[in-house]
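Structure assessment
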Amino acid sequence: AAMSVLIIACPCALGLATPTALLVGVGRGGQLGILIKGPDALEASGVIDTVVLDKTGTLTTGTMALAGVHAFDGTDPDELLALAAGVEHYSEHPVGRALVAGAQARELTLPEASEVAALPGHGVRGALSGGQSVVVGNQGLMEEQGFDLPDAARLVVDAAAEAGRTVVLLAVDGVVRGGFDIADQLKDSAPGAVERLRKLGLRTVLLTGDRRGAAENVGRQVGVDEVVAEVLPAEKAAVVERLQAEGRRVAMVGDGINDAAALATANLGMAVVSGTDVAMKSADIILVRRSLDVVPDAIRLARRTLGTIRGNLVWAFAYNVAAIPLAATGRLNPLIAGFAMSLSSVFVVTNSMRLRRFEPGA
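A brief report on the enclosed structure follows. (Residues numbered from 1 in each chain as written. Predicted model: local features only at pLDDT ≥ 70, side-chain atom pairs only at ≥ 80, totals over all residues. Heavy atoms only, no water.)

Along the backbone of the protein chain there are 15 helices and 13 strands. Scaling as 2.2 N^0.38, a compact globule of 362 residues should have a C-alpha radius of gyration of about 21 Å, whereas the protein chain reaches 29 Å, well beyond that. Each of the 362 residues in the protein chain was classed as buried or not, and the buried ones make up 46%. Put simply, 65% of the contacts in the protein chain that link residues at least 6 apart link residues at least 24 apart. For the protein chain, the separation between the mean place of its 32 positive charges and that of its 39 negative charges on side chains is 15 Å. (Helix = DSSP H or I, 4+ residues; strand = E, 2+ residues; numbered from the N terminus. Rg over C-alpha atoms; globule rule 2.2 N^0.38 Å. Buried < 20%, exposed > 50% of the residue type's maximum accessible area, 1.4 Å probe, protein only. Contact = heavy atoms within 4.5 Å. Lys, Arg positive; Asp, Glu negative; His and termini not counted. Charge placed at Lys NZ, Arg CZ, Asp CG, Glu CD.)

A few words now on a nonpolar patch on the surface. On the surface, Leu 35, Val 273 and Val 288 cluster together to form a nonpolar patch covering roughly 200 Å² of accessible area. With respect to the helices and strands, Leu 35 occurs in strand β1 (residues 34-36). Classification of Leu 35 by relative accessible area gives partly exposed; the value is 38%. (Patch = residues over 30% accessible without salt bridge, like charges linked within 9 Å, V, L, I, M, F, W, Y side chains within 5 Å. Areas by Shrake-Rupley, 256 points an atom, 1.4 Å probe, with all protein chains shown as cover. Salt bridge = Lys/Arg side-chain N within 4 Å of Asp/Glu carboxyl O.)

Another point: the packing of helix α14 (residues 294-328) against helix α15 (residues 334-353). At a minimum axis distance of 9 Å, the contact between α14 and α15 shows a crossing angle of 170 degrees. Overall, the two elements α14 and α15 adopt an arrangement that is roughly antiparallel. On α15, the residues touching Thr 308, Asn 312, Trp 315 and Tyr 319 of α14 are Ala 337, Ala 340, Met 341, Ser 344, Phe 347, Val 348, Asn 351 and Ser 352. (Axes fitted to C-alpha atoms, helices over the stretch in contact; angles between N-to-C directions. Parallel < 35°, antiparallel > 145°, perpendicular 65-115°, else oblique.)

Moving on to the nonpolar core. Ranked by size, the top nonpolar core spans 41 residues in total, and within it Met 270, Ile 285 and Val 295 carry the most contacts. If one sorts the elements of this core by residue count, α14 sits on top with seven residues. Excluding anything up to four places from it in sequence, Ile 285 contacts Ile 34, Leu 35, Ile 36, Ala 41, Leu 268, Gly 269, Met 270, Ala 271 and Ala 298. The next biggest cluster of nonpolar side chains, apart from the first, holds 21 residues, and it includes Ala 85, Leu 99, Leu 170 and Ile 182. (Core = buried A, V, L, I, M, F, W, Y, C linked by side-chain atoms within 4.5 Å.)

Taken together, the seven strands give an open sheet; going across it, the order is β1-β13-β12-β11-β2-β9-β10, and neighbouring strands pair in mixed fashion. Bordering the open sheet on either side are β1 and β10 (226-228), each of which pairs with just one other strand. Recorded for the sheet is a direction-independent mean angle of 20 degrees between the axes of neighbouring strands. Here strand β2 (residues 50-54) runs beside strand β9 (residues 203-207); their pairing, made up of five bridges, is parallel. Each residue of the ladder has a partner; that of Asp 54, found in β9, is Leu 207. Of the strands in this sheet, β9 and β10 touch helix α10 (residues 212-222), which is tilted by about 150 degrees from β10. (Pairing = 2+ DSSP bridges.)

Looking now at the pairing of strand β5 (residues 123-128). Across five bridges, the pairing between strand β4 (residues 113-119) and β5 is antiparallel. Looking at the pairing, Ala 117 lines up with Arg 125 of β5. Of the pairings in the sheet, the one linking β5 to strand β6 (residues 133-137) comprises five bridges and is antiparallel in character. By the bridge assignment for β6, Gly 123 is matched with Gly 137. Between β5 and β6, which pair antiparallel one after the other, the connecting turn spans four residues, and Gly 131 there sits at a positive phi close to 90 degrees.

Looking at the secondary structure, you find Ala 337 in helix α15. C-alpha separation for the pair Ala 337 and Ile 7, spaced 330 residues apart in sequence, amounts to 6.2 Å. If we skip the residues at most four places from it in the chain, Ala 337 touches Ser 4, Ile 7, Ile 8, Tyr 319 and Leu 332.

For Glu 107, which is not glycine, the phi dihedral falls at a positive 55 degrees. Note that Glu 107 resides in the loop between α6 (94-105) and β4. For Glu 107, a relative accessible area of 72% corresponds to the exposed category. One non-glycine residue, Glu 115, lies in the positive phi region at around 55 degrees. Within the secondary structure, Glu 115 sits in strand β4.

Inspection of every chain in the model, using the stated rule, returns 13 salt bridges. Close ionic contact of Arg 28 with Glu 359 constitutes a salt bridge, the shortest N to O distance being 3.7 Å. Of this pair, Arg 28 sits in helix α2 (residues 12-31) while Glu 359 sits in the segment after α15; the two residues are 331 residues apart in sequence, bridging distant segments of the chain. With a relative accessible area of 12%, Arg 28 lands in the buried category. By relative accessible area, which is 47% here, Glu 359 ends up partly exposed. Asp 297 serves as the salt-bridge partner of Arg 289, at 2.9 Å between the closest nitrogen and oxygen. On the accessibility criterion, Arg 289 (26% relative accessible area) is partly exposed. Through salt bridges with shared partners, a single ionic network connects Arg 196, Arg 289, Asp 293, Asp 297 and Arg 300.

Further remarks concern the packing of aromatic side chains. A full pass over the atoms with the stated rule returns one aromatic pair. Summarising the aromatic geometry, the rings of Trp 315 and Phe 347 are spaced 4.7 Å apart at their centres and angled 45 degrees between planes, so their arrangement reads as tilted. Here Trp 315 is found in helix α14, whereas its partner Phe 347 is found in helix α15, with 32 residues between them in sequence. (Phe/Tyr/Trp six-rings, centres within 6.5 Å; stacked < 30°, edge-to-face > 60°.)

Function-wise, these values are silent; they only describe arrangement.
Structure, rendered in structure tokens:
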């Protein structure tokens with residue numbers, strides 16, 4: 001009886017319960033582009049009920065693109081785009097690159113530009129080979145230069161601002177002749193990913209520093225439950241704390257340095273790998289795949305791994321609780337006890353290996 005108790009009480013299964021599931025779950029996550037830093041992330045994933053999503057670089061691509069061309073004097077829009085792209089040809093600014101890329105997509109011939117000068121925070125100016133003086137920039141630059149803005153230009157600027165787009169105006173020889181809509185493109189996977197998060201029973205919140213009209217427009221497109229707009233970078237962590245004070249367990253998904261404090265404050269921080277080093281160091285889970293579907297996949301995998309660990313522990317404890325009294329009363333042969341002890345360890349390892357069959361997108 002003493003020998004049977006000694007054999008059956010061996011805590012092999014208990015010792016294997018957590019590390020085997022963690023090893024297989026983290027390994028499977030690595031195959032799917034989900035890097036889980038440790039058990040804290042798994043524990044947090046089991047209790048979160050709210051997911052806060054940053055907009056730029058998370059729900060959107062973070063790459064500016066030409067969304068529209070407006071001619072205020074009846075000029076051919078392609079001609080205006082060629083003039084603007086000619087001045088912006090060597091620009092490193094995202095807006096300038098968007099104009100050049102838009103012109104190249106339309107296979108336009110760009111005029112030669114000289115005396116090009118960047119006006120930080122406003123735009124760029126230069127002279128074209130035909131002797132025209134061109135200024136490309138925002139509404140503030142046009143007003144600062146003393147150019148009259150036609151009513152059509154003001155309407156375009158106001159409408160674009162509400163839709164979350166940036167408008168760049170073009171002035172030729174002191175006359176504002178056209179404007180260009182520049183927009184950050186929504187990721188194709190964003191609406192589907194948000195819908196999957198909601199199916200997991202999670203409340204989704206869009207957190208951004210954009211104007212409310214623009215943020216609500218994006219929120220409607222992706223289907224989030226709540227929109228928090230016009231938030232300064234330093235205030236994002238305060239929004240997460242407010243949600244936590246309401247009794248919510250919060251996961252934060254972001255990519256920029258301005259998201260680092262919020263990622264660290266949240267119960268579960270998830271950083272997109274294309275983001276800054278500070279953001280990734282502040283996060284509990286790093287998302288390598290570009291598709292936003294990786295967010296619900298990461299939460300599902302973390303929950304599945306946590307559930308496997310719990311199942312292993314329940315089995316290990318139940319096995320000892322049930323078998324030790326039998327061994328102590330002499331009802332368990334030492335050979336059978338040895339076989340049962342080995343079988344419990346095999347069960348724990350086999351149960352953990354089931355995580356290898358985890359599939360994304362379900």
